[in-house]
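# Examination of the molecular architecture
Here is how the chains run, residue by residue.
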Amino acid sequence: MKHTIFYDAGCPLCVREMELVLSDRRAAEFDTVPVQGSEAILRRHGISPAQAMTYLHILRGDGTMVRGMAAVRLMHEHAERFTPVKLANLPLIAPLCDRLYPWFARNRYRFPRWLLPRPPCENGTCYLPPEKRTKK
């Protein structure tokens, strides 16, 4: 069963992250659902709208809810490419990431969207590196 990621659709960084999730093999593992308009579903799982807008939540395929840094780790677990979040699983770094995530989540609107890599296809246009372009 697929996991469901509840994300803030008003957050440019969050939207870019969901584009990246859906651009690789994780698309087969996750559905992405904006928090906005999904409040009833979240309430059934004991998540208030304020909590949902503050921290990332993932409803696992088995029906359990994961939030915060644990949800971020789950989301990046099977990413095709290396992501810095994978370092958050290292024993010395994991506790620091767990402590920093709440600050990051509360301040995510301050971070520019360009911090995240671009998905291969965005807004119907696919990026092709110059060395792979051919002239007709």
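The structure presented is a predicted model; accordingly, all values stated were derived computationally and were not measured.

Turning to the nonpolar core, a few remarks are in order. If you look at the biggest cluster of nonpolar residues, it comprises 21 residues, and the most contacted ones within it are Ile5, Phe30, Leu56, Ile58, Met69, Met75 and Tyr101. For this core, the secondary-structure elements that each account for two or more residues are β1 (3-7), α1 (12-22), α4 (69-76) and α5 (94-106). Core analysis: the second largest hydrophobic core is formed by six residues, Val35, Leu42, Ile47 and Ala52 among them.

Here four strands make up an open sheet; going across it, the order is β2-β1-β3-β4 and the pairing mixed. Strand pairing shows two members of the sheet lacking a second neighbour, β2 (30-34) and β4 (65-67), which therefore form its edges. Adjacent strand axes in the sheet meet at a mean angle of 25 degrees when their direction is disregarded. On the sheet, α1 packs against β1 and β2 and is oriented at approximately 160 degrees with respect to β1. Across the sheet, α4 lies against β1, β2, β3 (57-59) and β4, angled at about 105 degrees from β4, the strand it touches most.

Our next topic: the pairing of β1. Burial runs high along β1: five of the five residues are buried. Across the two faces of β1 the burial is the same, with His3, Ile5 and Tyr7 and Thr4 and Phe6 all buried. Relative to β2, β1 runs parallel, the two being bridged by five bridges. Note that in β2 the partner of Tyr7 across the bridge is Pro34. The parallel pair β1 and β2, bridged by α1, forms a crossover whose chirality is right-handed.

Cut-offs used in this document
Residues numbered from 1 in each chain as written. Predicted model: local features only at pLDDT ≥ 70, side-chain atom pairs only at ≥ 80, totals over all residues. Heavy atoms only, no water. Core = buried A, V, L, I, M, F, W, Y, C linked by side-chain atoms within 4.5 Å. Buried < 20%, exposed > 50% of the residue type's maximum accessible area, 1.4 Å probe, protein only. Helix = DSSP H or I, 4+ residues; strand = E, 2+ residues; numbered from the N terminus. Pairing = 2+ DSSP bridges. Axes fitted to C-alpha atoms, helices over the stretch in contact; angles between N-to-C directions. Contact = heavy atoms within 4.5 Å. Right-handed = clockwise from strand over helix to strand, strands pointing away.

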